[in-house]
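These are the residues of each chain, in order.
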Amino acid sequence: MSLVSKKASQSQTGLSLSLLALLCSILAGVLYTQTRFNPAVVQLQQLTAGEAELPPAGQESQQSTIIAIPDQLAGLTPPESFNRETLSDKINGKAELYLGSGFERLESQRFSLQGEPQPWLEFFSYNMGKFENAYSVFSVQRRENAASLDLVEHAYQTENALFLVHGPFYLEIISSEPTEQMLEAMELLASAFVDQVKVAQESITEDQLFPAEGLVADSIARIPANAFGHERLDKLFAAQYEIEGFEITAYFSRRDSDAEAVELAGAYGAFLTRFGGENQSVEMPIENAAVINILDTYEIIFSIGPYLAGVREAEDLKQATTLAVRLHQHLKATGNHK
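All of the points below concern the structure found in this document. (Residues numbered from 1 in each chain as written. Predicted model: local features only at pLDDT ≥ 70, side-chain atom pairs only at ≥ 80, totals over all residues. Heavy atoms only, no water.)

## Thoughts on the overall build of the chain
Using the following cut-off: Elements are defined by DSSP. Helices are runs of H or I of four residues or more, strands are runs of E of two residues or more, and each kind is numbered from the N terminus. Buried means the residue's accessible area, taken with a 1.4 Å probe over protein chains only, is under 20% of the maximum for its type, while exposed means over 50%, and partly exposed covers the values in between. Between two residues, a contact is recorded if the distance between any of their heavy atoms is within 4.5 Å. Accessible surface is estimated by sampling points in the Shrake-Rupley manner with a 1.4 Å probe; for residues, cover comes only from the protein chains shown.
Across its full length, the chain holds nine helices and 16 strands. The buried share among the 338 residues of the chain stands at 49%. Sequence separation of 24 or more characterises 62% of the internal contacts of the chain that already satisfy a separation of 6 or more. Total accessible area computed for the chain in this model is approximately 16,400 Å², and 49% of it derives from carbon and sulfur atoms.

Next comes the structure, spelled out in structure tokens:
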């Protein structure tokens with residue numbers, strides 16, 4: 001069915017297309033921006049909304065604590081366990097990111113300082129099945145200007161929370177109050193988990209495929225599915241760059257073949273133009289690059305070997321071109337392809 005009638009005026013048609021383009025832009029930011037919610041804020045809102053007396057409904061474990069805890073801490077509630085069917089009961093509708101990233105099981109429990117029931121903290125251990133899945137949910141939610149921790153390779157702390165990746169596990173530890181004592185307690189609990197739960201050591205190597213110049217620290221994220229609102233864009237790495245005072249997103253996704261990368265680049269470009277984007281004729285030192293203007297920003301999409309890659313959200317064509325060329329050259333030099 002047409003969105004406008006055949007008798008619609010030209011101005012009405014233009015307005016409809018503009019609105020459609022706006023909806024597309026909102027959709028395209030869903031996974032990379034909206035899923036970057038602050039997990040500490042989300043969890044703390046739930047923990048303080050009348051839930052402090054009793055744990056939320058779940059399957060209680062028979063053991064007294066999830067792990068052997070330091071002497072300074074005491075279990076405040078019984079451990080609980082949640083699966084794919086019951087996860088949303090615990091995290092109140094915020095389960096989509098985890099479920100879409102390979103989630104298998106959540107173990108949670110509340111703790112307090114020994115002899116002091118207030119303040120308290122809650123420990124969340126998400127078993128994501130694989131290391132890259134755990135890294136995905138860690139990276140897309142990472143808070144800006146957080147303090148990195150040396151506990152493991154991927155760990156950081158905010159004023160009331162601690163987050164880390166340990167093998168297939170993604171940990172969140174949220175405090176009811178942002179005190180120095182609770183920060184220390186969270187580190188003790190995280191250290192106990194890392195020491196007791198033995199996992200194979202793995203790391204993300206794709207971060208080396210982003211050029212270093214202009215890269216915003218700790219901005220690299222792995223988007224597991226539906227990147228930028230496109231249902232076929234999965235296993236995509238994105239990072240923020242600062243060029244001439246403006247932030248631009250660079251991204252790439254390694255596909256199964258060169259042909260798939262070429263085809264998917266074309267499909268994503270068609271997706272943007274279908275919702276109001278306009279192809280621009282621009283000479284570039286990238287043979288198969290498509291330049292698209294949408295909502296007064298520029299996207300450049302290309303493929304190189306098995307990689308689909310590009311830049312987006314550039315306010316200036318020169319900025320977009322500069323970053324696209326850097327990314328193309330870096331992938332050509334380091335991307336391990338023919």
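## Points about the environment of A309
One can find A309 in strand β16 (residues 307-314). Exposure remark for A309: the relative accessible area of 0% places this residue in the buried category. In this structure the C-alpha to C-alpha distance between A309 and F252, which are 57 residues apart in sequence, comes to 4.0 Å. With sequence-adjacent residues up to four places away left out, A309 is seen in contact with Y251, F252, I300, I301, F302, L327 and L331.

## Structural notes on the nonpolar core
Stated precisely, the cut-off is as follows: Put simply, a nonpolar core is a bunch of buried Ala, Val, Leu, Ile, Met, Phe, Trp, Tyr and Cys residues held in one set by side-chain atoms that sit within 4.5 Å of each other.
Counting residues in each nonpolar core, the largest one holds 69 residues, and the members touching the most others are Y98, Y126, Y170 and F210. Within the second largest apolar cluster, 25 residues are counted, among which are F111, L121, L171 and A190.

## Some points on the pattern of salt bridges
So the rule is basically this: Note on definitions: salt bridges are taken to be side-chain nitrogens of Lys or Arg within 4 Å of carboxyl oxygens of Asp or Glu.
Under the counting rule described, the total for this entry stands at 13 salt bridges. Of the charged contacts, one joins R255 and E260 as a salt bridge, the two residues approaching to 3.1 Å between their closest N and O atoms. Taking the relative accessible area as the measure of exposure, E260 reaches 21% and is therefore partly exposed. A cluster of three or more residues bridged by salt bridges with shared partners is formed by E80, K90, R110 and E122.

## Quick word on the pairing of strand β8 (residues 161-166)
Going by this rule: Two strands pair under a simple rule: DSSP has to find at least two bridges between them.
A large share of β8 lies buried, amounting to six of its six residues. Because side chains alternate across β8, one face comprises the buried residues A161, F163 and V165, and the other comprises L162, L164 and H166, equally buried. Direction of pairing for strand β7 (residues 155-157) relative to β8: antiparallel, over a ladder of three bridges. Bridge pairing links Q157 to L162 in β8. Connecting β7 to the next strand, β8, in antiparallel fashion are three residues. Bridge count for β8 against strand β9 (residues 169-175) is six bridges, and the pairing is antiparallel.

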